[in-house]
Amino acid sequence: MEAKDIQLQQIVDVFAKSDNFIIAGHIGPDSDTIGSCFGLALAFAKLGKTVSVILEPFASKYKIIPGREHLFQGNIDTANADVFIAVDCADVARLGCALHVHKRTKTTVCIDHHETNKGFADINFVDPVASSTAEMVFEIIEALVEIDKDIATAIYAGLVGDTGGFRYVSTSNSTMSIAAKLMDIGIPFSDIYSEMLHRHSFAAAKAFGLTLSVSDTAMGGRIVYSYMTREMLENVSANSSDMDSVVEYLMNTRGADVALFFYEKFQNSDDESTQLKEANDTINVNTENNITKTNSADVIVSTENEMIYTKNSLIQRQIKISMRSRDVHVGLIAASLGGGGHKLAAGCTIIGTLADVINQMLEVVAQALESDN
Ligand SMILES: [Mn+2]
């Protein structure tokens, strides 16, 4: 038996004999996270087990994914279960507010396909070869219960999202045969595909045009990048989830090796960390030690949302960076900056002014491209 099959069997056994589950996905949930969480929740419910899903609010396009009735309601401090399942999270910090539930639950499970995942739970099922966590969840559910239309829809949404519509090299023979099995169940596959990858609001189209108009290249076209400031986004009444496809579009530029998309992170409008203001002349390090200082004296990197102070006594804005690559390992670049992801698709958050962060990233990526040659 391969190590992967042993992990899978271990998880199926724990799931079969337990009755009470909490499932949580990563912060900023995407279709793989949501589809995997809800697919599992629907399967547990079908088996008569108790289950809640903890997820941050997500974009309305994901409403096509069944299982929202299992979302946890109420005070998260009261959330308790026999088994806690972290889904599609490369790192515990990616659990966000569900991290406390993970910490206090007796049996913890991690199901994930990120290469950087070191296995933070009691039982870890980590398969970096899998196209998506949904693909792994399919194998688990298949061993537990008969897959119905709702479960199949949830899993298909995850597959489509994380493979870019069966386009990325992570797409395998196994991905396609799972997709075929799901189609056989009679899911609205065309509609799920369009909703996950193509449909957008009018505001999103305007925002897309705006960001393309300020896009630029570096290293003779090998790096293509663009940005979206908070003001730009507000001008067209779009929100940051409308910008998911920008980096993909940039990556489709002929001759591009790496695409970068920078945007100012949106928080509550009264959140002080997004406003420039006077602060103490100190560097503030959070308790999780998630902050690491970079070469630039003015920039501190974090995976969390805490208040950040820079040496220049200014609280600066959080810049989220989405990266795509044809070959160079952007997952390692993101991880070295406190973020994470996969070899060809990754992201991180850097504190600083937009111009500084863009310059810093262009330098880091140019170095990676040069050493790759
Ligand atoms: Mn995923």
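Residues numbered from 1 in each chain as written. Predicted model: local features only at pLDDT ≥ 70, side-chain atom pairs only at ≥ 80, totals over all residues.

Colleague: I'd like a rundown of the overall build of the protein chain, residues and numbers included.
Modeller: Looking only at helices and strands, the protein chain has twelve helices and 13 strands in total. The long-range share in the protein chain, meaning contacts at least 24 apart out of those at least 6 apart in sequence, stands at 70%. (Helix = DSSP H or I, 4+ residues; strand = E, 2+ residues; numbered from the N terminus. Contact = placed C-beta atoms within 7 Å.)

Colleague: Lay out the environment of C37 with the relevant residues and their values.
Modeller: Note on placement: C37 falls in helix α2 (residues 31-46). The sequence separation of C37 and A134 amounts to 97 residues, and the corresponding C-alpha distance is 8.6 Å. Not counting residues within four places of it along the chain, the set of residues in contact with C37 comprises I23, G25, V53, L55 and V87.

Colleague: A description of the packing of α2 against helix α5 (residues 149-162) should follow, citing residues and the corresponding values.
Modeller: Two elements in contact, α2 and α5, have axes separated by 7 Å at closest approach and are oriented at 160°. Regarding the angle of α2 to α5, the classification is roughly antiparallel. Handedness of the α2/α5 crossing: left-handed. Only D150, I151, A154, I155, A157, G158, V160, G161 and D162 of α5 make contact with α2, whose side of the interface consists of S31, D32, G35, S36, F38, G39, L42 and A43. In terms of residue class, the contact of α2 with α5 is built from eight nonpolar, six polar and three charged. (Axes fitted to C-alpha atoms, helices over the stretch in contact; angles between N-to-C directions. Parallel < 35°, antiparallel > 145°, perpendicular 65-115°, else oblique. Left-handed = near helix turned anticlockwise from the far one by under 90°. Nonpolar A, V, L, I, M, F, W, Y, C, P; charged D, E, K, R; others polar.)

Colleague: Please provide a residue-by-residue account of the environment of M176, values included.
Modeller: Its place among the elements puts M176 in helix α6 (residues 173-184). Excluding residues that lie within four positions of it along the chain, M176 makes contacts with F166 and T171.

Colleague: So what's going on with the pairing of strand β13 (residues 345-351)? Residues and values would help.
Modeller: A large share of β13 lies buried, amounting to five of its seven residues. For strand β11 (residues 318-325) and β13, the ladder comprises seven bridges, and the chain directions are antiparallel. Opposite M323, over in β13, you have A346 as the bridge partner. Pairing between strand β12 (residues 340-341) and β13: two bridges, direction antiparallel. (Buried ≥ 20, exposed ≤ 12 C-beta atoms within 10 Å, placed from the backbone. Pairing = 2+ DSSP bridges.)

Colleague: Pulling in residues and values, what's your account of helix α8 (residues 202-213)?
Modeller: Here α8 contains twelve residues, and its C-alpha end-to-end distance of 17 Å stays within 8% of the 16 Å for a straight helix at 1.5 Å per residue. Turning to α8, the residues buried within the fold contact β7 (223-228), α9 (230-235) and α10 (246-251). (Expected span 1.5 Å × (residues − 1).)

Colleague: Please give an account of the nonpolar core that cites residues and values.
Modeller: Ranked by size, the top nonpolar core spans 60 residues in total, and within it I23, I85, I155 and Y156 carry the most contacts. Discounting chain neighbours no more than four positions away, the residues touching I155 are G35, G39, A134, V137, F138 and L182. Counting 38 residues, the second largest nonpolar core, distinct from the first, contains M243, V330, I333 and A345. (Core = buried A, V, L, I, M, F, W, Y, C linked by C-beta atoms within 7 Å.)

Colleague: Mind laying out the sheet that holds strand β4 (residues 107-112), listing which residues take part and the relevant values?
Modeller: Sheet architecture is open: five strands sit in the order β2-β1-β3-β4-β5, paired in parallel fashion. Looking along the sheet, the strands with just one partner apiece sit at the ends: β2 (50-54) and β5 (123-126). Taking the axes of each pair of neighbouring strands and ignoring which way they run, one obtains an average angle of 15° across the sheet. Sheet analysis places strand β3 (residues 83-87) next to β4, joined by five bridges and oriented parallel. Residue pairing across strands places V83 opposite T107, the latter belonging to β4. The strands touched by helix α1 (residues 3-17) are β3, β4 and β5; relative to β5, the strand with the most contacts, the crossing angle is about 130°. Along the sheet face, α2 touches β1 (20-24), β2 and β3 and points at about 170° away from the line of β2.

Colleague: Describe the confidence of the model for the protein chain, naming the residues involved and giving the relevant values.
Modeller: Residue-level pLDDT values for the protein chain average 87, and 86% of them are 70 or greater. Across residues 267-315 the pLDDT falls below 50, and counting only partners more than four positions away or on other chains, this stretch makes 85 contacts in the model. (pLDDT = per-residue confidence, 0-100.)

Colleague: With reference to specific residues and values, describe the packing of α5 against helix α7 (residues 189-197).
Modeller: Where α5 contacts α7, the two axes come as close as 9 Å, and the packing angle between them is 45°. Relative to α7, α5 is oriented oblique. As α5 runs across α7, the sense of the crossing is right-handed. Each of T153, Y156, A157, V160 and G161 in α5 lies in contact with α7, whose residues at this interface are F189, I192, Y193, M196 and L197. Taken together, the residues that form the contact of α5 with α7 break down as eight nonpolar, two polar and no charged.

Colleague: Lay out helix α12 (residues 354-372) in plain terms, naming residues and giving numbers.
Modeller: Relative to the 27 Å expected for 19 residues at 1.5 Å per residue, α12 spans 27 Å between its end C-alpha atoms, a close match to the ideal helical length. For α12, the set of buried residues is V357, I358, Q360, M361 and V365. For α12, the angular spread of buried residues about the axis comes to 165°, placing them on one side. The outward face of α12, more than 90 degrees from its buried face, is lined by the exposed residues A355, Q367, E370 and S371. Packing partners of the buried residues in α12 comprise β7, β8 (258-264), β11, α11 (330-336) and β13. (Arc of directions from axis to C-beta.)

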